[in-house]
Amino acid sequence: MSDHEVATVLRIKGRVLVGPDEVREELWAVGGRITYERPPGADDAVTLTGWALPGLVDAHCHVGLGHHGPVDAATSEKQALADREAGTLLIRDAGSPSDTRWVDAREDLPKIIRAGRHIARTRRYIRNFAHEIEPGDLVAYVAREARRGDGWVKLVGDWIDRDAGDLSACWPRGEVEAAIAEAHRLGARVTAHCFAEDALRDLVEAGIDCIEHATGLTEDTIPLFAERGVAIVPTLVNIATFPDLAAGGETRYPRWSAHMRRLHASRYDTVRAAYDAGIPVFTGTDAGGSLAHGLIADEVAELVKAGIPALDALSATAWGARRWLGRPVLEEGAPADLVIYDEDPRADVRMLASPRTVVLNGRVMG
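Residues numbered from 1 in each chain as written. Predicted model: local features only at pLDDT ≥ 70, side-chain atom pairs only at ≥ 80, totals over all residues. Heavy atoms only, no water.

J.: Would you explain the nonpolar core in this entry?
T.: Nonpolar side chains tend toward joint burial in soluble globular proteins. Counting 80 residues, the largest nonpolar core has L53, I208, I211 and F225 as its most contacted members. Excluding its chain neighbours within four sequence positions, the residues that come into contact with F225 are L200, V204, I211, L217, V230, I232 and I279. Listed in part, the 17 residues of the second largest apolar core include V18, A52, A334 and I340. (Core = buried A, V, L, I, M, F, W, Y, C linked by side-chain atoms within 4.5 Å. Buried < 20%, exposed > 50% of the residue type's maximum accessible area, 1.4 Å probe, protein only. Contact = heavy atoms within 4.5 Å.)

This is the structure:
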């Protein structure tokens, strides 16, 4: 069955993982929607068997972003298809300079929740990725991206300060408070890229909703995150690149290089400490830019390696992640977006690397 061929009725039979502990024996997809009632035409249904999960979530991904900034639609399509083939059917696009709204009309591509374009301090981020502005313009740009996005805004909370030779916070506390308040007034949540330690307290106390990477969490800030319910998306497959980055900057920025190595060395302990404190943890690969798409199974495996129990690591890309983003799981009337595996992924998250069948909007993807 091709990507564009629609079965009148699909029957998913075997084990349907409606929730971490809720398993049903079958579901039906009719007109692209899920039902648990036997529908008319069931006798002619196409039957798929196995263990079914909701379509996976990559909560930090960049469709439309390449090594040097925005990419064309053909490249964006390849990125989205790579994610789809890995079972990622819902993406929170954590900043992109490309207009990818055309994806919304494609029923064969993952659904995208956009955070607009990154907002960074002047000359304090990767060239051509972000709006680069000064603090006095932060509120206006946050309002702009809140209106442009799908309920999220992305700040660059810290980056290397070339004069200091190390990572440092990008925004004064007052401007951050005003900008986050404006985003919330407009109905958007705010997240921020943060590698280091010193921006975190101001951002959380200013009301931020999520922190990306969060390698700078400490014994002082972990309780604050937990108390405020601020989520983290660790992007461990991206943090794995820190040693190479550090080596490349060793000569010019030795303090920065040493800092990046320390953050890398403590990454698993940091994530486990956050999880143990009750901080919500979700999966994100940071695909786009320099990192390949389709790595969601690797990210889940990294969370398990960090010490998060397998079922919770699975929820971080499935049931829990979808609920955090306000999207349905395998419930009555929901879009029929699901992934089928040969064995129970709750027992072994490595199964995520081998999806047997991907179903998107009730279509079997080729």
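Having seen the model, we can carry on.
J.: Explain the environment of L200 here, please?
T.: As for its placement among the helices and strands, L200 is situated in helix α4 (residues 200–205). By relative accessible area, L200 is classed as buried at 0%. Separated by 185 residues in sequence, L200 and R15 have C-alpha atoms that sit 42 Å apart. Each residue touching L200, except ones within four places of it in the same chain, is listed here: C194, I211, G216, L217, T221 and F225. (Helix = DSSP H or I, 4+ residues; strand = E, 2+ residues; numbered from the N terminus.)

J.: How do you make sense of the layout of surface pockets when you look at a structure like this?
T.: Taking a probe equal in size to a water molecule and rolling it over the atoms shows the remaining empty space. Estimated volume of the largest pocket: approximately 860 Å³. Forming the walls of the largest pocket are 33 residues, and the residues nearest its centre are Y125, I126, W159, F195 and L245. For the lining of the largest pocket, the secondary-structure elements that each account for two or more residues are β13 (158–161), α7 (242–249) and α8 (254–265). Counting residues per element, the lining of the largest pocket draws most heavily on α7, which supplies four residues. Among the residues forming the lining of the largest pocket, the class breakdown is 14 nonpolar, 13 polar and six charged. (1 Å grid on protein atoms, 1.4 Å probe; cavity = no way out; pocket = protein on both sides within 12 Å on 5 of 7 lines; lining within 4 Å. Points joined across faces, edges and corners; volume = space filled by probe spheres on them. Nonpolar A, V, L, I, M, F, W, Y, C, P; charged D, E, K, R; others polar.)

J.: Before we go on, may I ask you to explain the sheet that holds strand β5 (residues 56–61) in this structure?
T.: Within a sheet, each strand pairs with its neighbour through backbone hydrogen bonds, oriented either parallel or antiparallel. What the three strands build is an open sheet, ordered β5-β8-β9; its pairing is parallel. In this open sheet, the two edge strands, each paired with only one partner strand, are β5 and β9 (111–114). With direction set aside, neighbouring strand axes in the sheet form an average angle of 20°. As defined by bridge partners, β5 adjoins strand β8 (residues 88–93) across four bridges and the pair is classed as parallel. Bridging from a neighbouring strand, V57 pairs with L90 of β8. (Pairing = 2+ DSSP bridges. Axes fitted to C-alpha atoms, helices over the stretch in contact; angles between N-to-C directions.)

J.: Help me understand the pairing of β13, please; the structure alone is not making it clear to me.
T.: A regular strand carries its side chains on alternate faces of the sheet. Looking at chain direction, β13 and strand β14 (residues 166–169) are connected through four bridges and run antiparallel. Looking at β14, one finds that D158 is bridged to A169. Counting the residues that bridge the hairpin from β13 to β14 gives four residues, and of these G165 lies at a positive phi of roughly 75°.

J.: Looking at this structure, how should I read the pattern of salt bridges?
T.: Between side chains of opposite charge, pairing is possible as soon as their charged atoms come close. Throughout the structure, instances matching the rule amount to 27 salt bridges. Among the ionic pairs, D342 bridges to R356, the shortest N-O distance being 2.5 Å. Taken as a pair, D342 in the loop between β18 (338–341) and β19 (357–360) and R356 in the loop between β18 and β19 lie far apart in primary sequence, 14 residues in all. Judged by relative accessible area, which is 45%, D342 ranks as partly exposed. Taking the relative accessible area as the measure of exposure, R356 reaches 42% and is therefore partly exposed. Salt bridges sharing common partners tie together R173, E177, R201, D202 and E205. (Salt bridge = Lys/Arg side-chain N within 4 Å of Asp/Glu carboxyl O.)

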